[in-house]
Amino acid sequence: MTLQTNLPSSTMPGSGGETLPVWSDPSVGTATRVKALMAEMTLREKVAQLFGVWVGASAEGGEVAPHQHDMEDGVDLDAILPDGLGQLTRPFGTNPVDPALGALSLLRTQERVRSANRFGIPALAHEECLAGFSAWGATAYPVPLSWGASFDPALVRRMAAAIGRDMRSVGVHQGLAPVLDVVRDARWGRVEETIGEDPYLVGTVATAYVQGLESAGIVATLKHFAGYSASRGGRNHAPVSMGARERADVILPPFEMAVREGGVRSVMHAYTDTDGIPSAADRELLTGLLRDTWGFDGTVVADYFGIAFLKIMHGVAGDWAEAAAAALAAGVDVELPTVKTFGEPLVAALEAGDVDVALVDRALERVLRQKVELGLLDADWDPVPAVLRDVPGEVLAAVAGAGDEVAVAALRGTVDLDTPANRALAREVAEQAVVLLANDGVLPLGPGVGRIALVGPTAEDPMAVLGCYSFPAHVGLAHPEIPLGISLPTLAASLRAELPGVALDVLPAITLDGTADPSSAGAVSTAEVAAADRAGIAAAVELAREADVVVVALGDRAGLFGRGTSGEGCDAESLRLPGAQQDLLDALLATGRPVVATILSGRPYALGAAATTAPGEPGAAAIVQAFFAGEEGTPAVAGVLSGRVAPSGRLPVSVPGTEGAQPTSYLAATLAQATDVSNIDPTAAFAFGHGLTYTTFEWSDLVVSVAEAATDGSFEASFVVRNTGGRDGVEVVQLYAHDPVASVVRPVQRLVGYLRVPLAAGASARVSATVPADVLSFTGRDGRRIVEPGAIELRFGASSADVRLVAPVSLVGDVRVVDHTRELHAPLVVG
């Protein structure tokens, strides 16, 4: 396009002397470029950069079309685009679209956006990437709860980099991940999206994900800031009633770590209110803490419709303009997913003088700075995504221009977002994330096993390994006529492949949640489903009696807003297994046959008698937990059952002992543990950090360098871990801190460090830990973070309930106040 010649310009070196607008000249500093562009923009042009429009890519390679949603008004792109556009919302993640044609559709749309506004500014395109790029045909990786189970930030960083490369290759700029919410109540439907119940585990793994995504040129987005997971009763969007100390010591540390160490460039506010203050209107949180204290200089984006919720749900705004003003004042820069409050309502309020233009300029400066950093304002910015750069221009023109069916067919299928390398990485994550909870020796399945009965509702369900933000579950279910786009082997198929010499009898037996299959013909009553489930359980018992081993396949179905048993808006009344699954499990245990319970779920569930490990009790012979382990999840589970995979996953969340004792967390004070003054025992059946292996480890020879350190000093300790079993394995060393006496009530213990230690059979290694006093800090009575003198126990354990070695040490000196510059890690290393 031809830019106006009367606008500020510069001469770009080496460009033949042509004149460029200052903001298009990459040789000029970012701040100068942004300031020059802002000075030329009208009020409407400024506001237009502060919102997105929800679109869907064209399946034929044409321009995108606005997405219609019951929360949004219709959008007229022809009316909007002359002023510009800040973001394009989910062009790939809205409808099933071939990746090559989707990339072309995005390209065509970017050309339209650029040519429509007088500055040639393209839109920033964002997508979901919570468990992989949420696009048709893209690799479905394990969900974040499985990332936590891996206890392996380096692996998660590699996975995130692969996800980012795929997104960037088709023209996407920003990813809405990771989730840093710390689990406070496992009934909450979005537990599958979290990394776990410990802030240090969440922080380290999420920061690694951010680093990986950002390394690929994708803007990572931290969510949901802050407190979303602490809602009352585990209900989605419910109010949050935590105190300032819980917020400071549990909820905020993962975000702080990701801001300080991850290089993150975007943050998304939470839907919830905390003590009456909605996050979207919380200036102290979004500006005071995030920017003024932590130094974050990226963009704050709205969770979808979150600004409108200030009026609709929170009642702190009387109209759309008031909602926009409140969000802007708090520090929200971009309205997503589409224009609602930041459009005409905000413009009218600005023109009337009801909202300070300085708030718009503040947000705009951040948005434009990010577009400059992404290269979107450079004169030589190429809108053609990497996957299309080798496609002849005449082919692209034929597809997008004339809609040539031959050209469309030639382009379709040329982009692979589920490469063998991706699948191998997805399998590596899945294998490290499978947790062996219990085993009486039945696993790995030995040569004496000739017949296996595989029963249960997830045995032949290909979707049983996917979270609700995977594309097939999130979007694909609404398009049953479209293939899934990726290979999803069932557990039955994976077991057959893993154990070809074993007879496998398969019987789903029951419905997953006590409701009829939506695809069944005709109406089916609840009573009919219950009767069918009872009959199925009886049939499963008969099948089990003929088997050497029974593998019972249990778990969840991911969905949205009540359409699943796990996922956004799919909160649970209790932690009893959905539907008649517990009844099936109990009936199989009663047969006396060895029962291996395999749970493919999005949250931990109480398992009743199956979790009993006392001698003589009718517990399961083995229990294997996989948290929505992605497209390679069932091969990973089958590999653990066969012994091909040595289990090394550890629980990122506690498995409850009873279905109703919620909310509970290992990160709890003494009064939150089992006591003599309450009849409810919240003790976990399997504690945070728990996980068995197929070998044994011995811990010994603890050496502490000093037993006493100043409140600004550190401790050093080391010990030897030896693999005393007959096969290679991985021990996950976990370091917990216990503060027996403090000026405020503290958790009995909390994780401050961890390390995966792979050891060959018979091998040993010395593990060393350096523990700065800073990591022992907490929020004191006056709201300041302090390091307090006194006795401390450094507990080295295989889980939060399996402490192997204890180092009693003491902090001495004065109470020391620390801030956001404090040390965040107690590094553990081998050697």
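Details of the structure are given in the entry above.
None of these values were measured; they are calculated from a predicted model.

What counts and what doesn't
- Residues numbered from 1 in each chain as written.
- Predicted model: local features only at pLDDT ≥ 70, side-chain atom pairs only at ≥ 80, totals over all residues.
- Heavy atoms only, no water.
- Helix = DSSP H or I, 4+ residues; strand = E, 2+ residues; numbered from the N terminus.
- Rg over C-alpha atoms; globule rule 2.2 N^0.38 Å.
- Contact = heavy atoms within 4.5 Å.
- Phe/Tyr/Trp six-rings, centres within 6.5 Å; stacked < 30°, edge-to-face > 60°.
- Buried < 20%, exposed > 50% of the residue type's maximum accessible area, 1.4 Å probe, protein only.
- Lys NZ or Arg CZ within 6 Å of the ring centre and 35° of its normal.
- Pairing = 2+ DSSP bridges.
- Core = buried A, V, L, I, M, F, W, Y, C linked by side-chain atoms within 4.5 Å.
- Axes fitted to C-alpha atoms, helices over the stretch in contact; angles between N-to-C directions.
- Parallel < 35°, antiparallel > 145°, perpendicular 65-115°, else oblique.
- Left-handed = near helix turned anticlockwise from the far one by under 90°.
- 1 Å grid on protein atoms, 1.4 Å probe; cavity = no way out; pocket = protein on both sides within 12 Å on 5 of 7 lines; lining within 4 Å.
- Points joined across faces, edges and corners; volume = space filled by probe spheres on them.
- Nonpolar A, V, L, I, M, F, W, Y, C, P; charged D, E, K, R; others polar.

A. Region of the structure containing the overall build of the chain. Across its full length, the chain carries 22 helices and 32 strands. Over its C-alpha trace the chain gives a radius of gyration of 28 Å, about what one expects of a compact globule, namely 28 Å for 831 residues. Once the C-alpha set of the chain is aligned to its principal axes, its extents read approximately 85 × 70 × 55 Å. Considering only residue pairs separated by 6 or more positions, the chain has 79% of its internal contacts joining residues 24 or more positions apart.

B. Seen up close, the packing of aromatic side chains. Considering all chains together, one arrives at 17 aromatic pairs under this definition. With a centroid separation of 5.9 Å and an interplanar angle of 80°, the aromatic rings of tyrosine 228 and tyrosine 271 are classed as edge-to-face. Taken together, the positions of tyrosine 228 in the loop between β8 (219-225) and α8 (244-251) and tyrosine 271 in the loop between β9 (266-269) and β10 (273-274) put the pair 43 residues apart, joining distant regions of the chain. In this pair, the class of tyrosine 228 matches that of tyrosine 271, namely buried. Between the aromatic rings of tyrosine 271 and phenylalanine 309, the centroid separation amounts to 5.4 Å while the plane-to-plane angle is 50°, which identifies the pairing as tilted. Of this pair, tyrosine 271 sits in the loop between β9 and β10 while phenylalanine 309 sits in helix α11 (residues 309-312), placing them 38 residues apart in sequence. An aromatic cluster is built from Phe151, Tyr200, Tyr666, Phe688, Tyr736 and Tyr754, whose rings are joined through pairwise contacts. Looking at lysine 311, its charged tip hangs above the ring of tryptophan 320, at a distance of 4.7 Å from the centre.

C. How the structure looks around the sheet that holds strand β28 (residues 785-787). Spatially, 3 strands are ordered β27-β28-β31 in an open sheet, and the strand pairing comes out antiparallel. Here the strands that pair on one side only, and so sit at the sheet edges, are β27 (778-779) and β31 (816-817). Bridge count for β28 against β31 is 2 bridges, and the pairing is antiparallel. Within β31, the position partnered with isoleucine 786 by the bridge is valine 817.

D. Representation of the nonpolar core. Counting residues in each nonpolar core, the largest one holds 194 residues, and the members touching the most others are Phe133, Tyr209 and Phe225. For this core, the leading source of residues is helix α7 (residues 199-215), giving 8 residues. Those residues in contact with phenylalanine 225 that lie beyond four places of it in its chain are Leu252, Phe255, Val267, Met268, His269, Ala270, Ser279, Leu285, Leu286, Leu289, Leu290 and Trp294. Counting residues in hydrophobic clusters, the runner-up holds 41 residues, among them Ala140, Leu600, Ala626 and Leu641.

E. View of the environment of alanine 801. Here alanine 801 lies in the loop between β29 (790-799) and β30 (802-812). For alanine 801 and phenylalanine 688, which are 113 residues apart along the polypeptide, the C-alpha to C-alpha distance reads 7.6 Å.

F. Region of the structure containing the packing of α7 against helix α9 (residues 253-261). Closest axis-to-axis distance for the α7/α9 pair is 8 Å, and the angle between their directions is 30°. Comparing the axis directions of α7 and α9 gives the class roughly parallel. In terms of crossing hand, the pair formed by α7 and α9 is right-handed. Contacts between α7 and α9 involve Pro199, Tyr200, Val202, Gly203, Thr204, Thr207 and Gln211 on the former and, on the latter, Pro253, Pro254, Met257, Ala258 and Glu261.

G. Just empty space enclosed by the protein, in detail. Per the counting criterion, the structure on display carries 7 cavities of 30 Å³ or more. What the largest cavity holds in volume is close to 80 Å³. When its residues are assigned to classes, the lining of the largest cavity shows 7 nonpolar, 4 polar and 3 charged.

H. Region of the structure containing the sheet that holds strand β13 (residues 435-439). What the 6 strands build is an open sheet, ordered β13-β18-β17-β16-β14-β15; its pairing is mixed. Unpaired on one side and paired on the other, β13 and β15 (503-507) mark the two borders of the sheet. Adjacent strand axes in the sheet meet at a mean angle of 15°, parallel and antiparallel pairs treated alike. Across the sheet, helix α22 (residues 633-642) touches β16 (549-555), β17 (595-601) and β18 (622-627), and the angle it forms with β17 is around 160°.

These figures capture arrangement, not role.
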